[in-house]
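The lines below spell out each chain.
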Amino acid sequence: MNIEQMKVVLKELLTKTDLTPCVVGHRGVGKTAGIIQVCREIGWCYAPLRLGQMEVGDLVGIPFREGNVMHWSRPSWWPEDDAPSTLVHCDELNRAQQEDTLQAIFQFVEPPAEGLQRALHTHSLSPHHKVVVTINPPDGTYQVATLDRALIDRMVMLYVESDYQCWARYAASRELNSEVRGFLSGNSGLLAKQGAPMDMQVEPTERGWEMVSTLRQHCHFPGDLAMEVYAGIIGKEAAITFMRWLTNREGRPLTATEILNDWNEVISAKAAAQRDDLQAATINDLLTTLQLAPQLAPDQEINLVAYIDLLPRDLRFGFVKSLLRIPTVALAISQDKYDHVIYEAIRTIGAEATGTN
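Here the structure is a predicted model, which is why all the values come from computation and not from measurement.

**Q** Quick rundown of the packing of aromatic side chains? Include the residues and the values.
**A** In this description, a pair of aromatic rings is defined by centroid distance and the angle of the planes. Scanning the model with the defined rule gives seven aromatic pairs in all. A ring pair is formed by tryptophan 263 and tyrosine 307, whose centres lie 6.4 Å apart and whose planes are at 75°; its orientation type is edge-to-face. Placement of tryptophan 263 in the loop between α11 (256-261) and α12 (265-273) and of tyrosine 307 in helix α14 (residues 298-310) is noted, with a sequence separation of 44 residues between them. Judged by centre distance (6.2 Å) and plane angle (75°), the ring pair of tyrosine 307 and phenylalanine 319 falls under edge-to-face. Of this pair, tyrosine 307 sits in helix α14 while phenylalanine 319 sits in helix α15 (residues 313-323); the two residues are 12 residues apart in sequence, bridging distant segments of the chain. Residues tyrosine 307 and phenylalanine 319 agree in their burial class; the two are buried. These aromatic residues form a ring-pair network of at least three members: Trp77, Trp78 and Phe108. Sitting above the plane of the tryptophan 245 ring, arginine 252 keeps its charged end 3.9 Å from the centroid.

Below is the structure:
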């Protein structure tokens, strides 16, 4: 993405989520300038930290005793709770010269757990303050440390590249020298040359998919930006597969909501026609949903039993066996009125348990 697109993504992430964006780009592309512009546009304060120049004491504060208790003083850069919304910019994260400095900042760039505040040692950051990270890519052309996967997994990687049209609009808005602008309009190749691909070895993880879910619920990215953002969380291959799945609704498994709440002739026909792998996905979704909310309304009971009735024999037995482990659901589907669907499965399960035929 270019700098203008990065700014759009940053505004969404910073104002609507607690996730930590990490802007990856080559020198001079405009990472810091773009972040400062975002702060101005959304009316936030800007607090830069050059981590390549900092030690652990600069981050966690100086220790002091109060009676028998050890405390750490608040660092000068730390925004107070009643301060205006502030964006703390952790610049040069992978240029931290000491390993313990990188380990100290690890906690700070990690998004806060649900119901908690972002923290650094004994200091807690008020929720209206946010954090952004910038780094140069570890492609061999910069004196930077390699970030481990655990740290990468806690951030949304945004890859920013040079773009002439984006730079030209910026140059015009800043009224840069007209001769320089005129020269580059015909020699755009003399802007910064693209370096090696910026691959941070991002891979799909449970935490990554939770981040994608957060973005799907709270943020909107125009055009193809969504794919780029997701690729910075779960990797390019997983992001492409996910986006294809979103656009290709044919062949998707039915959801628990469709089975329990929207059952009709169309849903019934789709359920009957599903391949076994899609049935397995639907069954897994139903089991997860019913484990979390086992109370079934009368219509939902009927719909669930109607779905069970459509399943192939082996899948039906396995599904009913799992449902019987959920007490409330077991009581619901074991009613006499459902015997024509459920009885044979329960009888077979009982025979298996006793070792009889």
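That shown, we press on.
**Q** Describe the sheet that holds strand β2 (residues 45-50), and please don't skip the residues or the numbers.
**A** Read across the open sheet, the five strands follow the order β2-β5-β8-β1-β9; overall the sheet is parallel. Only two strands of the sheet have a single neighbouring strand rather than two, namely β2 and β9 (156-160). Strand-to-strand twist of the sheet, defined as the mean angle between neighbouring strand axes without regard to direction, takes the value 25°. Across the sheet, helix α4 (residues 99-109) is in contact with β5 (86-91) and β8 (130-135); its angle to β5 comes to roughly 145°.

**Q** So what's going on with the packing of helix α8 (residues 206-218) against helix α10 (residues 236-247)? Residues and values would help.
**A** Two elements in contact, α8 and α10, have axes separated by 13 Å at closest approach and are oriented at 40°. Between α8 and α10, the angle falls in the class oblique. In the crossing of α8 with α10, the sense of the turn from one axis to the other is right-handed. Taking contact as the criterion, the partners of Trp209, Val212 and Arg216 in α8 are, on α10, Ala238, Phe242 and Leu246.

**Q** How would you sum up the environment of valine 109? Please name residues and give values.
**A** As for its placement among the helices and strands, valine 109 is situated in helix α4. Sequence separation between valine 109 and lysine 130 is 21 residues, and the spatial gap between their C-alpha atoms is 9.5 Å. Residues in contact with valine 109, not counting those within four places in the same chain, are Thr20, Cys90, Arg118, Val133, Leu151, Arg154 and Met155.

**Q** Outline the packing of helix α13 (residues 276-292) against α15, listing residues and values.
**A** When two helices pack together, you describe them by how their axes are tilted relative to each other and by the distance separating the axes. Across the interface, α13 lies against α15 with an axial gap of 11 Å and an inter-helix angle of 10°. In terms of orientation, α13 lies roughly parallel with respect to α15. Taken together, the residues of α15 that come into contact with α13 (itself represented by Asp276, Gln279, Ile283, Leu286, Leu287 and Leu290) are Leu315, Phe319, Ser322 and Leu323.

Cut-off values and rules
- Residues numbered from 1 in each chain as written.
- Predicted model: local features only at pLDDT ≥ 70, side-chain atom pairs only at ≥ 80, totals over all residues.
- Heavy atoms only, no water.
- Phe/Tyr/Trp six-rings, centres within 6.5 Å; stacked < 30°, edge-to-face > 60°.
- Helix = DSSP H or I, 4+ residues; strand = E, 2+ residues; numbered from the N terminus.
- Buried < 20%, exposed > 50% of the residue type's maximum accessible area, 1.4 Å probe, protein only.
- Lys NZ or Arg CZ within 6 Å of the ring centre and 35° of its normal.
- Pairing = 2+ DSSP bridges.
- Axes fitted to C-alpha atoms, helices over the stretch in contact; angles between N-to-C directions.
- Contact = heavy atoms within 4.5 Å.
- Parallel < 35°, antiparallel > 145°, perpendicular 65-115°, else oblique.
- Left-handed = near helix turned anticlockwise from the far one by under 90°.

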